[in-house]
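Topology and contacts: notes
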Amino acid sequence: MKYKTLLIFFVLLFTFHLPPSFAQTTTEQLESELAEAEGSDYCEKALLLSDLYFANKDFEKAMEYSSLAYEQASSIGRRDLMATALTKQAKAKIRNKKLRKKERLGAIKHLGKSLEMITKHGIDNLDLEQENIEIIVDASKEFIKDADDEEIEEILVVTFDSIKHGLSRIPAIDYRFEFEPFEREAPKAAVPEHILKKRQRQQEYQQKIMEMNFAKMENQVKKANAAITDKAPPEEYTFRVIDDLVALPELKKQWMPQKEELEKEFTNEARRIERMNAREAREELLLAEYKNKFDSLNHRHTVDSINLEKNKIALQQQEAEVARQKTHRSLMMVGSGGSVVLSLLFLFGFLQQRKNNRLLSEKNMTIQHEQERSQELLLNILPAEVASELKEYGSAKAHQYDEVTVLFSDFKNFTKIAEKLSPEKLIADLDFCFKAFDGITEKYQLEKIKTIGDAYLCAGGIPSPHPEHAERSINAAKEMQQFLEKWKKEKIEKGELFFEARIGIHTGPLIAGVVGIKKFAYDIWGDTVNIASRMESHGQVGKVNISEKTYELVKDQFDFVDRGKIAIKNKGEINMYFVS
């Protein structure tokens, strides 16, 4: 048992001084051991865990483990451990500010029950008794300030039960007592002087014994009254003025039976002392002095035994302190060395992780860049909707459109001009023109289909239909002609050859989609494409020629020159219009 107590002492001591991580390791280890413990060992480990969590201010856990300890102690009939568990549970409840006041107030009842258990079953644990009484007094001071009448009554009941318990442990109750001289028969003959002196000394001893015992009781009553009424009594008083000190009816109800019992005990004490001779009185006085001096330790031994035990305890404490310091130094050295090693490991891991993260980030950026580049290239080839469908399903379906405006352009005398220019110059000029066309097409949200030699093909209203596809196509065609006219002037000033274009536009149904499995290309098919090509070939340089079908859609937005019906190959006569 002694070694277990020392072990608990060291664990608690290290918990208060070592870092939180170490304390956490200790609680985890104890919790692991608790799962396999049984009987009294289970109770002691649960109580130790309650103390550890209480020290770390985790009052919820402290309440939980003290409750487990109480249940286990109850099942094995260990009243001493039950009383200890009740006290620890009450301490945690009182300190747990998260609980409602009613629940915290119930902690005082736990303490009263613990005291009752100590008295009823004769448990020899003075420290636990004293701790219970001190907690009750302190908690009563805290709770009674804002308590209602019902709560005050509960506090008073438990508080006075604890006071009665404390008084029952004092052999001689002390208050300022003035007793009448005991009646004795008058001596028939003259009493010798030395006998009178002996009796006088006896009475002095008796009075001193009574005063010593009564002084202790007076202090107890003062503390109890101050704790309950928050008002200290006068310096001089006796139990005869108890009505003036305590005004609450419940206090009188609890106190008066105790008062009568104590007064009866005082009378018996006085009679006992009266029968003592001088020698017995001196011995009683010495014993009372010893009891008064060492009452907190509750020893009932002689002066030599007390001194011996006190020295033994002091020696054990010194040895424990030396061992604690030695263990603490060892742990600190081990902890410091471990901290250095862990720090180096963490640093190495951190640097390695940072390096890996950097490499991974670079790879991810490269992959992302390549993906963006692939996406950009794909969108340059296919419309966004078609590209998404192709990536998701591996193929893209062709779609039928009821109304699409097709724009077809072609350069005049391109073959003759190509013969007069170098291949590099020809391609550079052609690229310059088609890049400008691409910009205009994108501006008016048209879909570029393809270039065929010097021909440029685009359409409005695909792949996403739009109600203004015809209007946008005409605006794009006009801007293309304006670009070529401006470029033509620059070429003439430089004395260089230039391109002039015919542009034709027609609106109608067609089919659009992607065919094949290699070198995907988005294309359009249908008679609408052929008629747009005829509009271009029957147009004039620098003008935009449109069909009657397109004219009907935009006749209110532009000015036109009616060309009348013109015959085209395989289509008969079609009305055509120049955009002014």
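Residues numbered from 1 in each chain as written. Predicted model: local features only at pLDDT ≥ 70, side-chain atom pairs only at ≥ 80, totals over all residues. Heavy atoms only, no water.

1. Some remarks on the overall build of the protein
Looking only at helices and strands, the protein features 19 helices and 8 strands. At a minimum sequence separation of 6, the contacts of the protein that also span at least 24 residues come to 68%. Only carbon and sulfur atoms are counted for the fraction: they give 52% of the accessible area of the protein, which is about 35,400 Å². (Helix = DSSP H or I, 4+ residues; strand = E, 2+ residues; numbered from the N terminus. Contact = heavy atoms within 4.5 Å. Areas by Shrake-Rupley, 256 points an atom, 1.4 Å probe, with all protein chains shown as cover.)

2. Points about the pattern of salt bridges
Throughout the structure, instances matching the rule amount to 21 salt bridges. Residues Asp429 and Lys491 are paired through a salt bridge, measuring 3.4 Å at the closest nitrogen-oxygen approach. Highlighted residues: Asp429 in helix α16 (residues 423-443) and Lys491 in helix α17 (residues 469-494), separated in sequence by 62 residues. Two residues, Asp527 and Lys571, come together in a salt bridge whose shortest N-O distance is 2.4 Å. (Salt bridge = Lys/Arg side-chain N within 4 Å of Asp/Glu carboxyl O.)

3. Looking at the nonpolar core
The nonpolar side chains of a soluble globular protein tend to be buried, and buried together. Ranked by internal contacts, the top residues of the largest apolar core, which has 36 residues, are Phe411, Phe437, Leu484, Phe499, Ile505, Ile546 and Phe560. Looking at which element gives the most residues to this core, the answer is α17, with 8 residues. Leave out the neighbours within four places in its chain, and Leu484 touches Phe411, Cys433, Phe437, Phe499 and Ala501. In terms of nonpolar packing, the next biggest core, distinct from the first, is built from 30 residues, Leu30, Ala37, Ala69 and Ala92 among them. (Core = buried A, V, L, I, M, F, W, Y, C linked by side-chain atoms within 4.5 Å. Buried < 20%, exposed > 50% of the residue type's maximum accessible area, 1.4 Å probe, protein only.)

4. Some remarks on the pairing of strand β6 (residues 544-547)
Burial along β6 is two-sided: the residues Val544 and Ile546 and Asn545 and Ser547 are all buried. Here 3 bridges tie strand β4 (residues 501-514) to β6, and the two strands are oriented parallel to one another. Bridged to Ile505 within β6 is Ile546. Two elements, β6 and strand β8 (residues 572-579), share 3 bridges in a ladder whose sense is antiparallel. Note on β8: the bridge partner recorded for Ser547 is Met576. (Pairing = 2+ DSSP bridges.)

5. A short note on helix α7 (residues 126-143)
Given a rise of 1.5 Å per residue, 18 residues ought to cover 26 Å, and the 26 Å separating the end C-alpha atoms of α7 matches this to within 8%. Listed as buried for α7 are Leu126, Leu128, Glu129, Asn132, Ile135, Ile136, Ala139, Ser140 and Phe143. (Expected span 1.5 Å × (residues − 1).)

6. Thoughts on the packing of aromatic side chains
We describe a pair of aromatic rings using the distance from one ring centre to the other and the angle between the two ring planes. Evaluated as defined, the whole model comprises 17 aromatic pairs. For the pair Phe437 and Tyr456, a centre-to-centre distance of 5.4 Å together with 85° between the ring planes defines the contact as edge-to-face. Within this pair, whereas Phe437 is found in helix α16, its partner Tyr456 is found in strand β3 (residues 455-460), the two being separated by 19 residues in sequence. Like Phe437, the residue Tyr456 is buried in the burial classification. Pairing Phe558 with Phe560 gives two aromatic rings, centres 6.2 Å apart and planes at 75°, and the pair type is edge-to-face. As far as burial versus exposure is concerned, Phe558 and Phe560 are alike and both buried. The structure contains a cluster of three or more aromatic residues connected by ring pairs, namely Phe411, Phe414, Phe432, Phe434, Phe437, Tyr456, Phe483, Trp487 and Phe499. The residue whose ring lies beneath Lys91 is Phe54, and the NZ or CZ to ring-centre distance is 5.0 Å. (Phe/Tyr/Trp six-rings, centres within 6.5 Å; stacked < 30°, edge-to-face > 60°. Lys NZ or Arg CZ within 6 Å of the ring centre and 35° of its normal.)

7. Some points on α16
Relative to the 30 Å expected for 21 residues at 1.5 Å per residue, α16 spans 30 Å between its end C-alpha atoms, a close match to the ideal helical length. Along α16, the residues classified as buried are Leu426, Asp429, Leu430, Cys433, Phe434, Ala436, Phe437, Ile440 and Thr441. What you see down the axis of α16 is that its buried residues fit within an arc of 150°, all on one side. Across α16 from its buried face, at more than 90 degrees, point the exposed residues Glu424, Ile427, Lys435, Glu442 and Lys443. Among the structural elements, β1 (399-411), α15 (414-420), β2 (447-452), β3 and α17 are those in contact with the buried residues of α16. (Arc of directions from axis to C-beta.)

8. As for the environment of His121
Structurally, the position occupied by His121 is in the loop between α6 (101-120) and α7. Look at His121 and you get partly exposed, because its relative accessible area is 38%.

9. A word on the packing of helix α3 (residues 39-55) against helix α4 (residues 59-76)
Between α3 and α4, the least distance of the axes is 8 Å, while the angle of their chain directions is 165°. Accordingly, the angle class assigned to the pair α3 and α4 is roughly antiparallel. The chirality of how α3 crosses α4 is left-handed. The segment α3 lies against α4, with Gly39, Ser40, Tyr42, Cys43, Ala46, Leu47, Leu49, Ser50, Tyr53 and Phe54 engaging Phe59, Lys61, Ala62, Tyr65, Ser66, Leu68, Ala69, Gln72, Ala73 and Ile76. Class assignment for the residues of the contact of α3 with α4 results in 14 nonpolar, 5 polar and 1 charged. (Axes fitted to C-alpha atoms, helices over the stretch in contact; angles between N-to-C directions. Parallel < 35°, antiparallel > 145°, perpendicular 65-115°, else oblique. Left-handed = near helix turned anticlockwise from the far one by under 90°. Nonpolar A, V, L, I, M, F, W, Y, C, P; charged D, E, K, R; others polar.)

10. Observations regarding unusual backbone geometry
Omega for the peptide link from Ile462 to Pro463 comes to -10°, which places this bond in the cis form. By the element assignment, Pro463 lies in the loop between β3 and α17. Residue Gln445 is not a glycine yet carries a positive backbone phi of 60°. Turning to its location among the elements, Gln445 is positioned in the loop between α16 and β2. Look at Asn570: it is not a glycine, yet its phi comes out positive at around 65°.

11. Observations regarding the environment of Gly504
Looking at where Gly504 falls in the secondary structure, it is placed in strand β4. Residue Gly504 is classed as buried on the basis of its relative accessible area, which comes to 0%. Gly504 sits 94 residues away from Asp410 along the chain, and the two C-alpha atoms are 9.0 Å apart. The contacts of Gly504, once residues within four sequence positions are left out, are Val406, Leu407, Phe408, Ala532, Met535, Glu536 and Asn545.

12. So, the packing of α3 against helix α5 (residues 79-95)
Viewed as axis vectors pointing N to C, α3 and α5 meet at an angle of 20°, and their least axial separation amounts to 11 Å. In this view, α3 runs roughly parallel relative to α5, as classed from their interaxial angle. Of the two elements, α3 crosses α5, and the hand of that crossing is left-handed. Touching Ser40, Cys43, Leu47, Ser50, Asp51 and Phe54 of α3 are Leu81, Thr84, Ala85, Lys88, Lys91, Ala92 and Arg95, all from α5. Of the residues in the contact of α3 with α5, the class split is 6 nonpolar, 3 polar and 4 charged.

From the geometry alone we can't say anything about function, so treat these as descriptive.
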